[in-house]
Amino acid sequence: MAHRKPTGSFVALVTPMNADGAIDFEGFRSLLEWHHENGTSAVLIMGSTGEVSMLTPDERRRIITETVKMRPGSMQMYYGCTGANTEQTVANVRYAAAEGADGAIFAAPAYICADNADIREYAREVLDSADLAMGFYNNPPRVKTDLHWSDILSLADHPNMVVLKESTTRVGQVAQVCAAAPDMSVMCCCSPNLGLVIPTMALGGHGTANMTGNLIPREMAVISTPWTSGEDAFACRKAYLENLPILHFAYSAINPVAVKTLMRALGLPSGPLRKPLRPLAPDALKVGLDAIQALGLDRAYGFNLRPAIAAE
(Lines give C-alpha, C1' and ligand atoms only; values in the text may rest on other atoms or scores of the structure.)
Protein backbone atom coordinates (compact mmCIF):
# COMPACT_ATOMS: atom_id res chain seq x y z
CA MET A 1 0.00 0.00 0.00
CA ALA A 2 1.04 3.63 -0.47
CA HIS A 3 2.53 5.20 2.63
CA ARG A 4 2.37 8.79 3.90
CA LYS A 5 5.80 10.39 3.86
CA PRO A 6 6.88 12.51 6.85
CA THR A 7 7.68 16.15 6.18
CA GLY A 8 8.59 19.12 8.36
CA SER A 9 9.97 18.68 11.86
CA PHE A 10 10.56 15.01 12.66
CA VAL A 11 11.73 15.03 16.28
CA ALA A 12 13.82 12.21 17.76
CA LEU A 13 12.18 12.11 21.18
CA VAL A 14 13.93 11.47 24.48
CA THR A 15 12.72 8.54 26.56
CA PRO A 16 11.34 10.10 29.77
CA MET A 17 12.15 8.14 32.91
CA ASN A 18 11.03 8.20 36.52
CA ALA A 19 13.44 8.81 39.39
CA ASP A 20 13.86 5.04 39.81
CA GLY A 21 14.83 4.64 36.14
CA ALA A 22 11.54 3.08 35.00
CA ILE A 23 9.89 4.37 31.82
CA ASP A 24 7.67 7.39 32.50
CA PHE A 25 4.64 6.74 30.31
CA GLU A 26 2.73 9.78 31.54
CA GLY A 27 5.81 11.78 30.64
CA PHE A 28 5.58 10.34 27.13
CA ARG A 29 1.94 11.42 26.93
CA SER A 30 2.78 14.98 28.04
CA LEU A 31 5.66 15.27 25.58
CA LEU A 32 3.60 13.97 22.66
CA GLU A 33 0.81 16.45 23.36
CA TRP A 34 3.33 19.29 23.76
CA HIS A 35 4.92 18.48 20.41
CA HIS A 36 1.56 18.26 18.70
CA GLU A 37 0.63 21.69 20.06
CA ASN A 38 3.92 23.21 18.93
CA GLY A 39 4.14 22.14 15.30
CA THR A 40 6.06 18.85 15.33
CA SER A 41 4.90 16.78 12.34
CA ALA A 42 6.30 13.41 13.38
CA VAL A 43 8.24 11.88 16.24
CA LEU A 44 10.81 9.12 16.33
CA ILE A 45 10.55 7.18 19.56
CA MET A 46 13.56 5.08 20.58
CA GLY A 47 16.14 6.54 18.29
CA SER A 48 19.63 7.14 19.68
CA THR A 49 18.22 10.24 21.41
CA GLY A 50 15.84 7.87 23.20
CA GLU A 51 18.74 5.89 24.73
CA VAL A 52 17.48 2.89 22.79
CA SER A 53 20.63 0.81 23.13
CA MET A 54 20.17 0.83 26.91
CA LEU A 55 16.53 -0.25 26.89
CA THR A 56 15.65 -3.90 27.47
CA PRO A 57 13.74 -5.82 24.76
CA ASP A 58 10.68 -5.83 27.03
CA GLU A 59 10.91 -2.06 27.53
CA ARG A 60 11.19 -1.51 23.79
CA ARG A 61 8.07 -3.55 23.10
CA ARG A 62 6.09 -1.95 25.91
CA ILE A 63 7.03 1.56 24.75
CA ILE A 64 5.61 0.78 21.31
CA THR A 65 2.46 -0.81 22.70
CA GLU A 66 1.71 2.03 25.13
CA THR A 67 2.75 5.11 23.19
CA VAL A 68 1.01 4.18 19.94
CA LYS A 69 -2.25 4.61 21.87
CA MET A 70 -1.24 8.19 22.74
CA ARG A 71 -1.01 9.49 19.15
CA PRO A 72 -2.16 13.14 19.24
CA GLY A 73 -4.11 14.22 16.16
CA SER A 74 -2.40 13.46 12.87
CA MET A 75 1.16 13.55 14.21
CA GLN A 76 3.04 10.53 12.86
CA MET A 77 4.53 8.02 15.28
CA TYR A 78 7.73 6.31 14.11
CA TYR A 79 9.84 3.89 16.14
CA GLY A 80 13.53 3.09 16.12
CA CYS A 81 13.76 -0.57 15.18
CA THR A 82 17.46 -1.21 14.64
CA GLY A 83 18.58 -4.45 16.22
CA ALA A 84 21.97 -6.07 16.65
CA ASN A 85 21.45 -8.08 13.45
CA THR A 86 19.01 -8.52 10.59
CA GLU A 87 16.72 -10.94 12.42
CA GLN A 88 16.31 -8.66 15.43
CA THR A 89 15.66 -5.62 13.26
CA VAL A 90 13.01 -7.50 11.26
CA ALA A 91 11.36 -8.69 14.47
CA ASN A 92 11.27 -5.12 15.82
CA VAL A 93 9.75 -3.80 12.60
CA ARG A 94 7.09 -6.49 12.53
CA TYR A 95 6.19 -5.82 16.16
CA ALA A 96 5.84 -2.09 15.49
CA ALA A 97 3.67 -2.76 12.44
CA ALA A 98 1.42 -5.17 14.34
CA GLU A 99 0.93 -2.66 17.16
CA GLY A 100 -0.19 0.11 14.80
CA ALA A 101 2.94 2.24 14.36
CA ASP A 102 2.96 4.73 11.51
CA GLY A 103 6.48 3.80 10.58
CA ALA A 104 9.93 2.53 11.54
CA ILE A 105 13.43 3.95 11.24
CA PHE A 106 16.44 1.69 11.08
CA ALA A 107 20.17 2.12 10.68
CA ALA A 108 23.04 -0.26 10.12
CA PRO A 109 23.58 -2.44 13.21
CA ALA A 110 26.12 -0.82 15.51
CA TYR A 111 29.66 -2.00 16.19
CA ILE A 112 29.96 -4.60 13.40
CA CYS A 113 31.21 -2.05 10.83
CA ALA A 114 29.66 -3.96 7.93
CA ASP A 115 30.54 -2.97 4.37
CA ASN A 116 28.05 -1.23 2.11
CA ALA A 117 27.06 -4.31 0.13
CA ASP A 118 26.11 -6.12 3.33
CA ILE A 119 24.06 -3.15 4.57
CA ARG A 120 22.26 -2.78 1.23
CA GLU A 121 21.20 -6.42 1.49
CA TYR A 122 20.24 -5.95 5.15
CA ALA A 123 18.16 -2.88 4.30
CA ARG A 124 16.36 -4.71 1.50
CA GLU A 125 15.48 -7.57 3.80
CA VAL A 126 14.15 -5.18 6.45
CA LEU A 127 12.13 -3.21 3.88
CA ASP A 128 10.61 -6.47 2.63
CA SER A 129 9.66 -7.62 6.13
CA ALA A 130 6.39 -5.70 6.71
CA ASP A 131 3.90 -3.46 4.95
CA LEU A 132 5.02 -0.37 6.87
CA ALA A 133 6.47 3.03 6.09
CA MET A 134 10.20 2.93 6.80
CA GLY A 135 13.23 5.13 6.70
CA PHE A 136 16.97 4.52 6.63
CA TYR A 137 19.24 6.52 8.92
CA ASN A 138 22.66 6.92 7.31
CA ASN A 139 24.67 7.59 10.45
CA PRO A 140 28.38 6.83 10.04
CA PRO A 141 29.46 8.70 13.21
CA ARG A 142 27.52 6.13 15.25
CA VAL A 143 27.77 2.89 13.25
CA LYS A 144 30.84 3.34 10.96
CA THR A 145 28.99 2.12 7.83
CA ASP A 146 28.48 5.03 5.41
CA LEU A 147 26.19 4.43 2.46
CA HIS A 148 27.07 6.26 -0.76
CA TRP A 149 24.30 8.15 -2.57
CA SER A 150 24.18 5.36 -5.15
CA ASP A 151 23.49 2.86 -2.35
CA ILE A 152 20.70 5.08 -1.03
CA LEU A 153 19.09 5.41 -4.44
CA SER A 154 19.23 1.65 -4.93
CA LEU A 155 16.88 1.38 -1.92
CA ALA A 156 14.65 4.33 -2.83
CA ASP A 157 12.53 2.39 -5.32
CA HIS A 158 11.21 0.11 -2.57
CA PRO A 159 7.56 1.00 -1.84
CA ASN A 160 8.17 0.92 1.91
CA MET A 161 11.14 3.32 1.77
CA VAL A 162 9.61 6.72 2.52
CA VAL A 163 12.35 8.75 4.21
CA LEU A 164 16.12 9.13 4.31
CA LYS A 165 17.89 10.78 7.24
CA GLU A 166 21.44 11.85 6.40
CA SER A 167 24.08 12.39 9.06
CA THR A 168 27.15 12.73 6.89
CA THR A 169 28.93 16.02 6.20
CA ARG A 170 28.58 15.69 2.43
CA VAL A 171 26.30 18.26 0.84
CA GLY A 172 27.21 16.66 -2.48
CA GLN A 173 25.58 13.40 -1.34
CA VAL A 174 22.35 15.23 -0.49
CA ALA A 175 22.47 16.97 -3.87
CA GLN A 176 22.81 13.69 -5.78
CA VAL A 177 19.86 12.19 -3.91
CA CYS A 178 17.68 15.27 -4.43
CA ALA A 179 18.65 15.47 -8.11
CA ALA A 180 17.35 11.94 -8.63
CA ALA A 181 13.96 13.02 -7.21
CA PRO A 182 13.16 9.69 -5.52
CA ASP A 183 9.65 9.13 -4.16
CA MET A 184 10.72 9.62 -0.55
CA SER A 185 11.35 12.44 1.90
CA VAL A 186 14.95 13.63 2.19
CA MET A 187 15.83 14.89 5.66
CA CYS A 188 19.00 15.62 7.58
CA CYS A 189 20.34 15.65 11.10
CA CYS A 190 20.13 19.08 12.77
CA SER A 191 23.72 19.07 14.05
CA PRO A 192 25.15 22.52 13.24
CA ASN A 193 28.63 21.02 12.96
CA LEU A 194 27.51 18.73 10.14
CA GLY A 195 26.14 21.82 8.39
CA LEU A 196 23.47 20.04 6.36
CA VAL A 197 20.28 21.85 7.37
CA ILE A 198 20.30 24.91 5.11
CA PRO A 199 21.84 23.11 2.09
CA THR A 200 19.35 20.24 2.41
CA MET A 201 16.36 22.58 2.58
CA ALA A 202 17.72 24.68 -0.30
CA LEU A 203 18.17 21.58 -2.46
CA GLY A 204 14.53 20.57 -2.00
CA GLY A 205 14.70 18.63 1.26
CA HIS A 206 11.46 17.82 2.98
CA GLY A 207 12.42 18.68 6.56
CA THR A 208 14.80 17.77 9.33
CA ALA A 209 14.97 14.65 11.48
CA ASN A 210 16.12 16.55 14.50
CA MET A 211 17.06 16.29 18.17
CA THR A 212 16.85 20.00 19.05
CA GLY A 213 13.07 19.94 18.68
CA ASN A 214 13.01 18.39 22.16
CA LEU A 215 13.86 21.90 23.38
CA ILE A 216 12.45 24.28 20.75
CA PRO A 217 9.72 22.52 18.76
CA ARG A 218 8.14 25.68 17.27
CA GLU A 219 11.44 27.00 16.01
CA MET A 220 12.43 23.63 14.54
CA ALA A 221 9.06 23.46 12.80
CA VAL A 222 9.91 26.74 11.04
CA ILE A 223 13.44 25.59 10.18
CA SER A 224 12.06 22.29 8.87
CA THR A 225 9.27 23.63 6.64
CA PRO A 226 9.91 22.63 2.99
CA TRP A 227 10.67 25.66 0.82
CA THR A 228 7.84 26.49 -1.55
CA SER A 229 8.50 30.24 -1.60
CA GLY A 230 11.11 32.81 -0.75
CA GLU A 231 9.17 33.49 2.42
CA ASP A 232 9.80 29.90 3.59
CA ALA A 233 13.50 30.25 2.83
CA PHE A 234 13.94 33.54 4.67
CA ALA A 235 11.95 32.29 7.67
CA CYS A 236 14.13 29.18 7.81
CA ARG A 237 17.34 31.20 7.64
CA LYS A 238 16.18 33.63 10.32
CA ALA A 239 15.08 30.89 12.74
CA TYR A 240 18.22 28.85 12.09
CA LEU A 241 20.64 31.70 12.74
CA GLU A 242 18.75 32.97 15.79
CA ASN A 243 18.66 29.54 17.39
CA LEU A 244 22.24 28.45 16.64
CA PRO A 245 23.14 28.74 20.35
CA ILE A 246 20.50 26.12 21.21
CA LEU A 247 21.52 23.87 18.31
CA HIS A 248 25.15 23.99 19.41
CA PHE A 249 24.19 23.35 23.02
CA ALA A 250 22.11 20.30 22.05
CA TYR A 251 25.22 18.76 20.45
CA SER A 252 27.69 19.87 23.14
CA ALA A 253 27.71 16.32 24.58
CA ILE A 254 26.80 12.92 23.17
CA ASN A 255 23.07 12.78 22.65
CA PRO A 256 20.89 12.93 24.62
CA VAL A 257 23.03 14.13 27.54
CA ALA A 258 22.77 17.88 26.90
CA VAL A 259 19.16 17.79 25.74
CA LYS A 260 17.88 15.60 28.56
CA THR A 261 19.78 17.51 31.25
CA LEU A 262 18.37 20.83 30.06
CA MET A 263 14.85 19.42 29.66
CA ARG A 264 14.92 18.26 33.26
CA ALA A 265 16.11 21.67 34.43
CA LEU A 266 13.28 23.34 32.48
CA GLY A 267 10.64 21.10 34.02
CA LEU A 268 9.91 19.09 30.88
CA PRO A 269 9.34 15.32 31.26
CA SER A 270 12.79 13.84 31.04
CA GLY A 271 14.05 12.22 34.19
CA PRO A 272 17.50 10.73 34.70
CA LEU A 273 19.83 9.35 32.07
CA ARG A 274 20.60 5.66 32.01
CA LYS A 275 24.03 4.83 33.38
CA PRO A 276 26.78 5.01 32.35
CA LEU A 277 25.58 8.34 30.86
CA ARG A 278 25.70 11.19 33.35
CA PRO A 279 24.06 14.63 33.29
CA LEU A 280 25.98 17.74 32.34
CA ALA A 281 28.01 19.49 34.98
CA PRO A 282 26.42 22.72 36.31
CA ASP A 283 28.73 25.03 34.35
CA ALA A 284 27.94 23.22 31.10
CA LEU A 285 24.20 23.27 31.85
CA LYS A 286 24.41 27.02 32.50
CA VAL A 287 25.36 27.53 28.84
CA GLY A 288 22.01 26.08 27.82
CA LEU A 289 20.05 27.94 30.49
CA ASP A 290 21.69 31.23 29.47
CA ALA A 291 20.83 30.61 25.81
CA ILE A 292 17.20 29.84 26.66
CA GLN A 293 16.95 33.08 28.63
CA ALA A 294 18.82 35.25 26.11
CA LEU A 295 16.49 34.14 23.31
CA GLY A 296 13.38 34.68 25.40
CA LEU A 297 12.44 31.02 25.13
CA ASP A 298 11.65 30.81 28.84
CA ARG A 299 8.87 33.36 28.30
CA ALA A 300 7.74 31.90 24.97
CA TYR A 301 7.27 28.40 26.39
CA GLY A 302 6.52 29.27 30.01
CA PHE A 303 9.68 27.64 31.34
CA ASN A 304 10.47 28.51 34.96
CA LEU A 305 14.22 29.05 35.16
CA ARG A 306 14.38 29.94 38.84
CA PRO A 307 14.35 26.36 40.19
CA ALA A 308 16.86 25.34 37.53
CA ILE A 309 19.23 28.15 38.43
CA ALA A 310 18.81 27.51 42.14
CA ALA A 311 19.68 23.83 41.63
CA GLU A 312 23.06 24.54 39.99
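An account of the accompanying structure is given in this report. (Residues numbered from 1 in each chain as written. Predicted model: local features only at pLDDT ≥ 70, side-chain atom pairs only at ≥ 80, totals over all residues. Heavy atoms only, no water.)

### Section: helix α12 (residues 257–266)
Each α-helix turn comprises 3.6 residues. Residues three or four places apart therefore point the same way.
Phase 1 of the analysis: With nine of ten residues buried, α12 lies mostly within the body of the structure.
Phase 2 of the analysis: Residues of α12 that are buried include every one of V257, A258, V259, K260, T261, L262, M263, A265 and L266, and no others. (Buried < 20%, exposed > 50% of the residue type's maximum accessible area, 1.4 Å probe, protein only. Helix = DSSP H or I, 4+ residues; strand = E, 2+ residues; numbered from the N terminus.)

### Quick notes on the pairing of strand β7 (residues 185–188)
Phase 1 of the analysis: Where burial is concerned, the two faces of β7 agree: the one with S185 and M187 and the one with V186 and C188 are both buried.
Phase 2 of the analysis: Across four bridges, the pairing between strand β6 (residues 161–166) and β7 is parallel. Bridge pairing in β7 links K165 to M187.
Phase 3 of the analysis: Sheet topology places β7 next to strand β8 (residues 207–210); two bridges connect them, and they run parallel. Across the sheet, residue M187 finds its bridge partner in β8, namely G207.
Phase 4 of the analysis: Traced from β7 through helix α8 (residues 197–202) to β8, the parallel crossover comes out right-handed. (Pairing = 2+ DSSP bridges. Right-handed = clockwise from strand over helix to strand, strands pointing away.)

### Quick notes on unusual backbone geometry
As a rule of thumb, non-glycine residues mostly have phi less than zero, and peptide bonds are mostly trans rather than cis.
Phase 1 of the analysis: With omega at 5°, the peptide bond leading from N255 into P256 counts as cis.
Phase 2 of the analysis: Position of P256 relative to the elements: it lies in the loop between α11 (244–250) and α12.
Phase 3 of the analysis: Cis geometry marks the peptide bond from K275 to P276, where omega comes out at 15°.
Phase 4 of the analysis: Turning to its location among the elements, P276 is positioned in the loop between α12 and α13 (282–294).
Phase 5 of the analysis: Positioned with a positive phi, E51 is a non-glycine residue whose angle comes to about 55°.
Phase 6 of the analysis: The residue E51 is located in the loop between β2 (42–45) and α2 (57–67) in this model.
Phase 7 of the analysis: Its identity is not glycine, yet Y111 carries a phi of approximately 80°, on the positive side.
Phase 8 of the analysis: Secondary-structure assignment places Y111 in the loop between β4 (103–107) and α4 (116–128).

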